[in-house]
Amino acid sequence: MTRRLWRELTPWLFLLVPLALLVVFTYAPVVNMIVYSFTDWDGVSPDLAFTGIGNYVELFTRPELFQVFFVSGYYLAASVVQIAAALYFATVLSFRTRFRTFFKGVLFFPYLINGVAIGFVFLYFFQDGGTLDSVLRLFGVSGDHAWLSSSTSANISLAGVSVWRFMGLNFVLFLGAIQSIPGELYEASELDGATRLQQFRHIIAPGIRPVLSLSVILAVSGSLSVFEIPYIMTGGATGTETFVIQTVKLAFQFNKTGLASAAAVVLLLIILAVTWVQRRLVPDDKVELV
């Protein structure tokens, strides 16, 4: 009886430490954040007073607090380019191609670089008379351009940096999914005279649908929660402030931790809602390729 009991408890003992870490560092902070969102805490004082839904009312009645969501549109459009480019390269490099191992490393390498380093590198890349202007002069485009001085050009530039950095993650996901498709399907399609485009349409696209769905979820949630690159390169200036940058400023610059917590809760709910809608529209059905 004792041996049987230990056998049943053993899996839970292995899960005890990771579950404890998950609760302490994930769920407990989320609960604290929700509690703080109903207070006027400034993040420093030991005293805090409950204000009910006052922070949420302020959040939804001040248009300037939600206008920053329009900046996410640039990153959402960039995510479409990012997914399309990653899918293209993954498809091409999944077949026999010269130097494909080298190109795999080149495409995935930007994802391994620290975001702070990327921000500083591209800060010099886009500055007046910087690297981009030097390259353009080689093609006959003269003059120095202030790429980060206006809202439109700055957001397009920052979104382009995010494409360069995160395309490697989608590339690896797509490449792994494509290579998991049985090779017999490609051989049978080649015997039937199928072209690469037809192989992609009838074999690759259906086979990687679950991974493609995951990439879309990551792209949408990432577009709504952009922080690192615009914060380092512009600090949210010239109309590049995102919802997360605004939340950080509310908490640490204006000492409105309660309002910032409410903003973080709203962002979490929006991401969960978008994910739920996406899963309802594109259910993760089992794919049969035989």
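Calculation rules
Residues numbered from 1 in each chain as written. Predicted model: local features only at pLDDT ≥ 70, side-chain atom pairs only at ≥ 80, totals over all residues. Heavy atoms only, no water. Axes fitted to C-alpha atoms, helices over the stretch in contact; angles between N-to-C directions. Helix = DSSP H or I, 4+ residues; strand = E, 2+ residues; numbered from the N terminus. Parallel < 35°, antiparallel > 145°, perpendicular 65-115°, else oblique. Left-handed = near helix turned anticlockwise from the far one by under 90°. Contact = heavy atoms within 4.5 Å. Nonpolar A, V, L, I, M, F, W, Y, C, P; charged D, E, K, R; others polar. Buried < 20%, exposed > 50% of the residue type's maximum accessible area, 1.4 Å probe, protein only. Expected span 1.5 Å × (residues − 1). Bend = angle between axes of the 7 residues up to and from the residue. Core = buried A, V, L, I, M, F, W, Y, C linked by side-chain atoms within 4.5 Å.

Chemist: Is there a simple way to explain the packing of helix 11 (residues 209-224) against helix 14 (residues 257-281) in this structure?
Modeler: For any two helices packed against each other, one specifies the inter-axial angle together with the distance between the axes. Following both chains from N to C, one finds helix 11 and helix 14 inclined at 155 degrees, their axes separated by 10 Å at the closest point. Between helix 11 and helix 14, the angle falls in the class roughly antiparallel. Crossing of helix 11 over helix 14 shows right-handed handedness. Between helix 11 and helix 14, the contacting residues are Ser213, Val216, Ile217, Val220, Ser221 and Leu224 on the first element and Leu267, Ile270, Ile271, Val274, Thr275, Gln278 and Arg279 on the second. In terms of residue class, the contact of helix 11 with helix 14 is made up of eight nonpolar, four polar and one charged.

Chemist: Where do I start with the environment of valine 211 in this structure?
Modeler: Following the sequence through the fold, valine 211 ends up in helix 11. The exposure class of valine 211 is partly exposed, given its relative accessible area of 21%. C-alpha separation for the pair valine 211 and leucine 5, spaced 206 residues apart in sequence, amounts to 40 Å. Discounting residues that sit within four places of it in the chain, valine 211 has contacts with Leu173, Phe174 and Ala177.

Chemist: In this structure, what is going on with the side chain of serine 157? I would like to understand it.
Modeler: Mapped onto the elements of the fold, serine 157 is located in helix 8 (residues 151-179). We classify serine 157 as buried; its relative accessible area is 7%. Discounting chain neighbours no more than four positions away, the residues touching serine 157 are Phe126, Trp147 and Leu148.

Chemist: Would you take a moment to explain helix 8 for this structure?
Modeler: Think of an α-helix as 3.6 residues a turn; residues three or four steps apart then line up on the same face. Between its terminal C-alpha atoms helix 8 stretches 41 Å, which fits the 42 Å expected from 29 residues at 1.5 Å a residue. Residue phenylalanine 166 marks the point of greatest curvature in helix 8, where the axis turns by about 40 degrees.

Chemist: What exactly am I supposed to notice about the packing of helix 4 (residues 72-93) against helix 11 here?
Modeler: Helix 11 packs onto helix 4 with a crossing angle of 155 degrees between their chain directions and a minimal axis gap of 8 Å. Between helix 4 and helix 11, the angle falls in the class roughly antiparallel. In the crossing of helix 4 with helix 11, the sense of the turn from one axis to the other is right-handed. Between helix 4, through Ser72, Tyr75, Leu76, Ser79 and Ile83, and helix 11, the contact on the second element is made entirely by Leu212, Ser215, Val216, Ala219, Val220, Ser223 and Leu224. Class assignment for the residues of the contact of helix 4 with helix 11 results in eight nonpolar, four polar and no charged.

Chemist: Hey, could you run me through the nonpolar core in this one?
Modeler: The nonpolar side chains of soluble globular proteins are, as a tendency, buried together. With 20 residues, the main nonpolar core has Ala90, Phe171, Phe174, Ile178, Tyr186, Ile204 and Ile208 as its most contacted residues. At the level of elements, helix 4, helix 8, helix 9 (183-191) and helix 10 (196-207) are the ones that each hand at least two residues to this core. Among the elements that take part in this core, helix 8 stands out by supplying six residues, more than any other. Beyond its immediate stretch of four places on either side in the chain, phenylalanine 174 contacts Ile83, Ala86, Leu87, Ala90, Ile208, Val211, Leu212 and Ser215. If you look at the next biggest cluster of nonpolar residues, it comprises 18 residues, including Phe69, Leu250, Ala260 and Val266.

Chemist: How should I be thinking about unusual backbone geometry in this particular structure?
Modeler: Most peptide bonds take the trans configuration, and most residues that are not glycine carry a negative phi. At phenylalanine 99, a residue that is not glycine, the phi angle is positive and equals roughly 60 degrees. Mapped onto the elements of the fold, phenylalanine 99 is located in the loop between helix 4 and helix 5 (100-112). Backbone geometry places asparagine 255, a non-glycine residue, at a positive phi of 55 degrees. You can see asparagine 255 is positioned in the loop between helix 13 (243-252) and helix 14.

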